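A closer look at the structure
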Amino acid sequence: MNGTRAWIVWGVGVFAYMVAVTQRTSFGVAGIEATERFSATASVLSVFTVVQLLVYAGLQIPVGVLVDRFGPRLLIAGGAALMFAGQLQLAAAESVGAGILGRSLVGAGDALTFISVLRLLPAWFSGRKIPVLTQYTGIVGQLGQIASAIPFAYVLHRFGWSTAFVSAASLSLLALVLTLACVRNRPAGGEAPVPLPLRQTGTSLAEAFAQPGTRLGMWTHYTVQFPGTVFVMMWGFPYLVSAEGVSPAVASGLMTFFVVVAIVCGPWMGSWVGRHPLRRSTMVLLIAGAMAAGWAAVLLYPGPAPLWLLVLLVALLAIGGPGSMIGFDFARTYNPSARLGTATGIVNIGGFIASLVSMYLIGVVLDVLNNSGFSGGNLYALDSFRIALSVQFAVMAVGVMGILRTRGQIRSRLADEGSPLPPLRAALARERQRRRGERGGPGPQ
């Protein structure tokens, strides 16, 4: 494990995930062109993204079951093939229905990829490296968003719709070829997990969900992933420009800053989790509290928030991406290898459910306020956004309650087994002693 071959396998897997993120976000930079090509309204175009996310979220648990049964190599290759077909379909589409079919195929292929790449890590790397590599998988993958925003957008504007989407499809074809050539489910001679009989698949799913560690991972992903996703994918840009009054250029800069913060924080957070596996839920709760405090400060500020406060909010929301990856570490440590993919799928569905619910409820509240005359004819007025975005506090509160409940169940089990969790102050004291020892200072007395 941890040899050169392991890094090649992981590198190709991460490349396939980066390509998946590129395909996932490519439609977002083609809104104006899509309006002209499909002669569609903004509300109709929003269906493209909603359907894509619904397909993605709906497939998470089935994909988890499939990766346990067939291995990650086949599913990563299958995901690349589906996204290749989906982008080709979109390149040729001239009607809304044909376009939605293309985005549905992209969503399905995207759903197959991330869980499968994570499934490679326990087979190829030792335990201490896995939390860090999990973070790096998410970080490198998100660079695909930059690929869609810069080179794809250039090709789209320079050479047109069909050329741009055919070019994007070619990336998935490359990922398919590299996966088949380089990725293997485990090292040569490695012990293969025994796949469960098909009739026991439902039992495996029930057992994975019954494990409190799986549910803790799901609630972790639910709680800290959705605020950043809602901000970046849908409501952040109109809020910044229309409600807070910043220029589109500044809003774009804040979105770029979001990605930079996530990249910087991810490795540190993975390293911290590797050193303090018993304090992961505490880190998650601190992240959730910080994001809630950031939104409260911005929404309660009298008048438009100053730029420094918006920068702080974006930084706090960006931490949620790396923080949500802790949920997958819960799934890994509390489930046997044979059902790890299933457990990972359960975890991954949490954040996307929260995101879809939040996106929808925010839109409903904005429409209600606009129809009632509260917004004064401005759908995206600052006061309307303050009320609508407050929906996130309720969604987050549900997640925090889920974390506290499942964490309590796990700690009760540890206590019953004679391994109670030491108090936080004792853990912090040991960490200070360890650091003094590393610096050559006096160790424990």
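As the structure is a prediction and not an experimental result, all values here were calculated from the model.

Cut-offs and rules
Residues numbered from 1 in each chain as written. Predicted model: local features only at pLDDT ≥ 70, side-chain atom pairs only at ≥ 80, totals over all residues. Heavy atoms only, no water. Core = buried A, V, L, I, M, F, W, Y, C linked by side-chain atoms within 4.5 Å. Buried < 20%, exposed > 50% of the residue type's maximum accessible area, 1.4 Å probe, protein only. Helix = DSSP H or I, 4+ residues; strand = E, 2+ residues; numbered from the N terminus. Contact = heavy atoms within 4.5 Å. Patch = residues over 30% accessible without salt bridge, like charges linked within 9 Å, V, L, I, M, F, W, Y side chains within 5 Å. Areas by Shrake-Rupley, 256 points an atom, 1.4 Å probe, with all protein chains shown as cover. Salt bridge = Lys/Arg side-chain N within 4 Å of Asp/Glu carboxyl O. Phe/Tyr/Trp six-rings, centres within 6.5 Å; stacked < 30°, edge-to-face > 60°. Lys NZ or Arg CZ within 6 Å of the ring centre and 35° of its normal. Axes fitted to C-alpha atoms, helices over the stretch in contact; angles between N-to-C directions. Parallel < 35°, antiparallel > 145°, perpendicular 65-115°, else oblique. Nonpolar A, V, L, I, M, F, W, Y, C, P; charged D, E, K, R; others polar. Left-handed = near helix turned anticlockwise from the far one by under 90°. pLDDT = per-residue confidence, 0-100.

In this structure, Phe125, Phe231, Tyr239, Leu240, Trp295, Val298 and Ile362 are the most contacted members of the largest nonpolar core, which totals 88 residues. The greatest single-element share of this core, amounting to eleven residues, is contributed by helix 10 (residues 212–243). Non-local contacts of isoleucine 362, meaning those with residues more than four positions away in its chain, are made with Val230, Trp235, Ala388, Leu389, Val391 and Gln392.

The grouping of Ile353, Val357, Tyr360, Leu361, Val364 and Val368 at the surface amounts to a nonpolar patch, some 510 Å² of accessible area in total. Along the polypeptide, isoleucine 353 turns up in helix 15 (residues 340–371). Among the residues examined, isoleucine 353 registers a relative accessible area of 40% and is labelled partly exposed.

A separate point is the packing of aromatic side chains. Given two aromatic rings, their pairing is described by the distance between the two centres and the angle made by the two planes. For the structure shown, the criterion picks out 13 aromatic pairs. Judged by centre distance (5.7 Å) and plane angle (65 degrees), the ring pair of tyrosine 239 and tryptophan 295 falls under edge-to-face. Here tyrosine 239, found in helix 10, pairs with tryptophan 295, found in helix 12 (residues 280–300); they are 56 residues apart in sequence, far enough to count as distant. Look at tyrosine 239 and you get buried, because its relative accessible area is 1%. Among the aromatic residues, those joined into a ring-pair cluster are Phe38, Phe152, Trp161 and Phe165. In this structure, arginine 158 is placed above the aromatic ring of phenylalanine 159, and the distance from its NZ or CZ to the ring centre is 5.0 Å. Above the plane of the ring of phenylalanine 209 lies arginine 215, whose end atom (NZ or CZ) is 5.9 Å from the centre.

This part covers the environment of leucine 317. Here leucine 317 shows up in helix 13 (residues 307–324). Judged by relative accessible area, which is 1%, leucine 317 ranks as buried. Each C-alpha atom of the pair leucine 317 and alanine 262 lies 9.0 Å from the other, and the pair is 55 residues apart in sequence. Leave out the neighbours within four places in its chain, and leucine 317 touches Pro227, Gly228, Phe231, Phe258, Met291 and Trp295.

On to the packing of helix 4 (residues 60–70) against helix 5 (residues 72–92), then. Contact pair helix 4 / helix 5: the axes reach a minimum separation of 7 Å and the direction vectors enclose 130 degrees. Taken together, the axis directions place helix 4 and helix 5 in an arrangement best described as oblique. Counted together, Val63, Leu66, Val67 and Phe70 of helix 4 and Pro72, Leu74 and Leu75 of helix 5 form the full contact between these two elements. Of the residues that constitute the contact of helix 4 with helix 5, the class distribution is seven nonpolar, no polar and no charged.

Attention now moves to the packing of helix 12 against helix 13. Running from N to C, helix 12 and helix 13 cross one another at 155 degrees; their axes reach a closest spacing of 9 Å. What the angle tells us is that helix 12 and helix 13 run roughly antiparallel. Pair helix 12 / helix 13 crosses with left-handed handedness. On the side of helix 12, the interface is formed by Val284, Ile287, Ala290, Met291, Gly294, Trp295, Ala297 and Val298, while helix 13 contributes Leu309, Leu310, Leu313, Leu316, Leu317, Ile319, Gly320 and Gly323. When its residues are assigned to classes, the contact of helix 12 with helix 13 shows 13 nonpolar, three polar and no charged.

For the rest of this paragraph, the subject is the side chain of threonine 179. Take threonine 179: it is sitting in helix 8 (residues 161–182). Overall, threonine 179 belongs to the buried group, its relative accessible area being 0%. Residues in contact with threonine 179, not counting those within four places in the same chain, are Val12, Ala16, Arg73, Ile76, Ala77 and Arg184.

In total, this model carries six salt bridges according to the counting rule given. Ionic pairing is found between arginine 339 and glutamate 207, a salt bridge with its closest N-O pair at 3.5 Å. With a gap of 132 residues between them, arginine 339 in the loop between helix 14 (326–334) and helix 15 and glutamate 207 in helix 9 (residues 201–210) connect regions that are remote in the sequence. Note on arginine 339: relative accessible area 13%, which makes it buried.

Quick look at the environment of valine 51 now. Here valine 51 is to be found in helix 3 (residues 42–58). Taking the C-alpha atoms as reference points, valine 51 and arginine 103, separated by 52 residues in sequence, lie 7.7 Å from one another. When near neighbours in sequence (up to four residues on either side) are disregarded, valine 51 contacts Ile100 and Ser104.

Time to look at the confidence of the model for the protein. With 87% of its residues at a pLDDT of at least 70, the protein reaches an overall mean of 84. Per-element mean pLDDT across the protein ranges from 62 in helix 18 (residues 424–438) up to 96 in helix 5. Note that pLDDT drops below 50 for residues 441–445; the model gives that stretch three contacts with residues more than four away or on any other chain.

This part is about the environment of isoleucine 349. Here isoleucine 349 is to be found in helix 15. Taking relative accessible area as the criterion, isoleucine 349 reaches 16% and is therefore assigned buried. Residue contacts for isoleucine 349: discarding those within four places in its chain leaves Ala57 and Gln60.

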